[in-house]
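# Overview (structure and organization)
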There are 2 protein chains.
Amino acid sequence: MDRVVIVGTGLIGSSVGLALRAVEFPGTITGIDSNPEERKTALKMEAVDTIVDDAASGMLALEAADVILLAVPVLAILDWMKRLGPILKPHQLLTDVGSTKAAIADLAATLYNAPGQATFLPGHPMAGKESGGAALAEARLLESAMWLFTPLGEETPATREWRSWINKIGCRSMDMDPIRHDKICAWVSHMPQFVATAMAALFEDEFGDTREISAIGGRALREMTRLGASPYSMWRDVAMTNTDNVAATLYALEQRLAHLRENLRTPELRDEFSRANAFRTRR
Amino acid sequence: MDRVVIVGTGLIGSSVGLALRAVEFPGTITGIDSNPEERKTALKMEAVDTIVDDAASGMLALEAADVILLAVPVLAILDWMKRLGPILKPHQLLTDVGSTKAAIADLAATLYNAPGQATFLPGHPMAGKESGGAALAEARLLESAMWLFTPLGEETPATREWRSWINKIGCRSMDMDPIRHDKICAWVSHMPQFVATAMAALFEDEFGDTREISAIGGRALREMTRLGASPYSMWRDVAMTNTDNVAATLYALEQRLAHLRENLRTPELRDEFSRANAFRTRR
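Residues numbered from 1 in each chain as written. Chains lettered and ligands numbered in written order. Predicted model: local features only at pLDDT ≥ 70, side-chain atom pairs only at ≥ 80, totals over all residues.

### Remarks on the nonpolar core
In terms of nonpolar packing, the biggest core is built from 186 residues, with A:Leu69 and B:Leu69 touching the most fellow members. If we skip the residues at most four places from it in the chain, B:Leu69 touches B:Val4, B:Ile6, B:Val7, B:Gly13, B:Val16, B:Thr95, B:Asp96 and B:Val97. (Core = buried A, V, L, I, M, F, W, Y, C linked by C-beta atoms within 7 Å. Buried ≥ 20, exposed ≤ 12 C-beta atoms within 10 Å, placed from the backbone. Contact = placed C-beta atoms within 7 Å.)

### Quick notes on the packing of helix 11 (residues 243-262) of chain A against helix 11 (residues 243-262) of chain B
At their nearest, the axes of helix 11 of chain A and helix 11 of chain B sit 9 Å apart, and the two run at 165 degrees to each other. On the basis of their axis angle, the class for helix 11 of chain A and helix 11 of chain B is roughly antiparallel. Crossing handedness for the pair helix 11 of chain A and helix 11 of chain B: left-handed. Listed contacts from helix 11 of chain B to A:Ala247, A:Leu250, A:Tyr251, A:Leu253, A:Glu254, A:Leu257, A:Ala258, A:Leu260 and A:Arg261 of helix 11 of chain A are B:Ala247, B:Leu250, B:Tyr251, B:Leu253, B:Glu254, B:Leu257, B:Ala258, B:Leu260 and B:Arg261. Broken down by class, the residue content of the contact of helix 11 of chain A with helix 11 of chain B amounts to 14 nonpolar, no polar and 4 charged. (Axes fitted to C-alpha atoms, helices over the stretch in contact; angles between N-to-C directions. Helix = DSSP H or I, 4+ residues; strand = E, 2+ residues; numbered from the N terminus. Parallel < 35°, antiparallel > 145°, perpendicular 65-115°, else oblique. Left-handed = near helix turned anticlockwise from the far one by under 90°. Nonpolar A, V, L, I, M, F, W, Y, C, P; charged D, E, K, R; others polar.)

### Brief notes about the sheet that holds strand 4 (residues 67-70) of chain B
Strand pairing in a sheet takes place through backbone hydrogen bonds and is either antiparallel or parallel in direction. Residues and elements named next belong to chain B. Taking strand neighbours across the sheet as the criterion, the 6 strands line up as 3-2-1-4-5-6 in an open arrangement whose pairing is parallel. Sheet topology places strand 3 (50-51) and strand 6 (119-121) at the edges, where each strand pairs with a single neighbour. Bridging between strand 4 and strand 5 (residues 93-96) involves 4 bridges; their strand directions are parallel. Across the sheet, residue Val-67 finds its bridge partner in strand 5, namely Leu-93. (Pairing = 2+ DSSP bridges.)

### Some remarks on the environment of A:Gly217
Mapped onto the fold, A:Gly217 is located in the loop between helix 8 (211-216) and helix 9 (219-225). Among the residues examined, A:Gly217 registers 23 C-beta atoms within 10 Å and is labelled buried. C-alpha separation for the pair A:Gly217 and A:His190, spaced 27 residues apart in sequence, amounts to 25 Å. In this structure A:Gly217 touches A:Arg222 and B:Val188, once residues within four positions along its chain are discounted.

### Some details on the domain arrangement of chain A
Interface extent is often summarised as the accessible area lost during association of the parts. All names here are of chain A. Each domain of chain A was delimited in the assignment, giving domain 1 (3-176) and domain 2 (180-281). Listed per partner, the contact involves 15 residues of domain 1 and 17 residues of domain 2. Only helix 4 (74-84) and helix 5 (102-111) provide two or more residues apiece to the side of domain 1 that touches domain 2. Across the side of domain 1 that touches domain 2, the residue classes tally to 8 nonpolar, 5 polar and 2 charged. (Domains from an automatic or database assignment.)

### Comments concerning the sheet that holds strand 9 (residues 172-175) of chain B
Residue and element names in this part refer to chain B. In space, the 3 strands of this open sheet follow the order 7-8-9, with mixed pairing throughout. Where the open sheet ends on each side, the last strands, each with one partner, are strand 7 (123-125) and strand 9. If you compare each strand with its neighbour and ignore which way they point, the axes differ by 20 degrees on average. One ladder, built from 3 bridges, connects strand 7 with strand 8 (residues 146-149); its direction is antiparallel. The residue of strand 8 that forms the bridge with His-124 is Leu-148.

### Digging into helix 5 (residues 102-111) of chain B
Residues three or four positions apart in an α-helix share a direction because the helix packs 3.6 residues into each turn. Residues and elements named next belong to chain B. Taken as a whole, helix 5 has its buried residues at Ala-103, Ile-104 and Ala-108. The arc that holds the buried residues of helix 5, viewed along the axis, is 130 degrees, so those residues lie on one side. Buried-residue contacts for helix 5 involve helix 4 (74-84), strand 5, strand 6 and helix 10 (232-241). Trailing helix 5 by a residue or two, Asn-113 shows a phi angle of about 70 degrees, which is positive. (Arc of directions from axis to C-beta.)

### Brief notes about the relation of the copies chain B and chain A
Mapping chain B onto chain A calls for a rotation angle of 180 degrees and an axial translation of 0.0 Å; the resulting RMSD is 0.0 Å. Taken together, the rotation angle and the small translation identify this as a two-fold axis. When the interface residues of chain B are mapped onto chain A, 100% of them are again interface residues, pointing to one common binding face. (Least-squares fit on C-alpha atoms with pLDDT ≥ 70 in both.)

### A short note on the interface of chain B and chain A
Counting from both sides, the interface comprises 74 residues of chain B and, opposite them, 74 residues of chain A. Residue assignment for the side of chain B that touches chain A shows that the elements contributing at least two residues are strand 8, helix 7 (178-207), helix 8 (211-216), helix 9 (219-225), helix 10, helix 11 and helix 12 (268-281) of chain B. If one sorts the elements of the side of chain B that touches chain A by residue count, helix 7 of chain B sits on top with 19 residues. Partitioning the side of chain B that touches chain A into residue classes produces 46 nonpolar, 10 polar and 18 charged.

### A closer look at the pairing of strand 9 (residues 172-175) of chain A
Residues and elements named next belong to chain A. Pairing of strand 8 (residues 146-149) with strand 9, which is carried by 4 bridges, proceeds in the parallel orientation. In the sheet register, Phe-149 faces strand 9, and the bridge partner there is Asp-175. After leaving strand 8, the chain enters helix 6 (residues 157-168) and then returns to the sheet as strand 9, a path that is right-handed. (Right-handed = clockwise from strand over helix to strand, strands pointing away.)

### As for the packing of helix 7 (residues 178-207) of chain A against helix 11 of chain B
At a minimum axis separation of 9 Å, helix 7 of chain A and helix 11 of chain B run at an interaxial angle of 120 degrees. In this view, helix 7 of chain A runs oblique relative to helix 11 of chain B, as classed from their interaxial angle. Considering only the axes of helix 7 of chain A and helix 11 of chain B, their crossing is right-handed. Along its contact with helix 7 of chain A, which presents A:Phe194, A:Val195, A:Thr197, A:Ala198, A:Met199, A:Ala201 and A:Leu202, the element helix 11 of chain B presents B:Ala252, B:Leu253, B:Arg256, B:Leu257 and B:Leu260.

### Comments concerning the pairing of strand 5 (residues 93-96) of chain A
All names here are of chain A. Residues Leu-93 and Thr-95 point to one face of strand 5 and Leu-94 and Asp-96 to the other, with burial holding for every one of them. Between the parallel elements strand 4 (residues 67-70) and strand 5, the chain passes through helix 4 in a crossover that is right-handed. For strand 5 and strand 6 (residues 119-121), the ladder comprises 3 bridges, and the chain directions are parallel. Bridging across to strand 6, Leu-94 finds its partner in Phe-120.

### Observations concerning helix 4 of chain B
Residue and element names in this part refer to chain B. Taken as a whole, helix 4 has its buried residues at Val-74, Ile-77, Leu-78, Met-81 and Leu-84. Angular distribution of buried residues about the axis of helix 4 spans 140 degrees; they occupy a single face of the element. Exposed and facing more than 90 degrees away from the buried side of helix 4 are Lys-82 and Arg-83. Elements that come into contact with the buried residues of helix 4 comprise helix 3 (55-64), strand 4, strand 5, helix 5 and helix 10.

Here you go:
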């Protein structure tokens, strides 16, 4: 595995580049990004060795790659998968960091992993920040993060080597079915995000730039709305490709909030606190 | 202000004791607590100089106090206010750290601040942790926290001196109307708490001790459910004494979540992210 190409040198793509360098990955790392600013930043931070500045040299780099990491939002990953399917050779490995996996696995089944086709290994590191961009990338962002895989076919030497690098950079990893992945990620990742967005948007409408809120609000408000800073560009694709699961978790929380609201003065409130306490005690 | 009595030597009461000591408060600090374990811990941590072990010596300490800080849940504060009203002398200052202020201000108006009565200055430090108890107390818990006051009458030498100690221990402070206090705290403090409780309780019912959740969940899940560990004993009193305001904020969030859920695939999602981004950018 000599030549890695990272498509999307934003927060996650650049962090992977930095992490590979930090554990002395010996090959070359090439970056591709549609945003000239992100390209410049990724190169300056040494998240990549070289950055591609035009479509033709991008295609050359992709054709020469041993492994290509798609680190763009999910809909863009699907686009890249379609473009690269007919071009890549059987020895090449395509992998990704997309937040949802069912749509990606479905598309991959038609384009990859059959004889004569390149290998596709869907992946998803459970790491991030509320703001994106190469400037915030860091090697340690991925340290002790869980990197989920939803493999579609047999392991190959290339998938084994990629997995070993993921472990070397400090990630834990786990294999899951893509349907299960999207359901469980709707709970542990997507629902917290959309709740924080809804809360922050509600505060914006209620209070705008009222200074009182900043002066009085403490850690609780800060924490519960931190993810309100997250970019629409990434989360739109999660909402688009995991709609039913996300809607189900949000609906469940709406019901739960209504139940709690109706029981603010009854002993049922104590039971809700007991359940919540039990959940936290295990973590 | 030589003799301070702290009623309730839990997290906040003991943290105030430690903070006063840290800035070299020269007087004596006496603790009163109904829980023998909390008493022992507060004394061992030197959050108080002496701790009272029976009702009779408690009464003597209260009669001799220059300032009494009620650091118990709101309903217990109301009880103490009723018990102390007929006993305290005009030169004595009673103050508190209760999370809601309207019920306390209403009761205080009938028992304090008139000629011949002791002074009552309602207060509320915006600080805390998800778990209570003296063992978690620390002087710096209150550092740069906002200590809200909802004064009922004229300032006196005692209220001025107490306010100056609150500033010396590193708190910012602000005066508010108690009705406004309860409304705004429902938004910035109580709603985040009850949302975290509802989320953690929902996760408990959905997943119980499923190991997957701990293995996969990252910072988003941890943060959004951290307050699920908070004790019912304290929050029951908030729910009891600020029911309508809390219910209104929860209902508003339910509506907002439903709106977001119905727009997971429409451009309105972008607008919600814009509003949320705007709120966070100001903080």
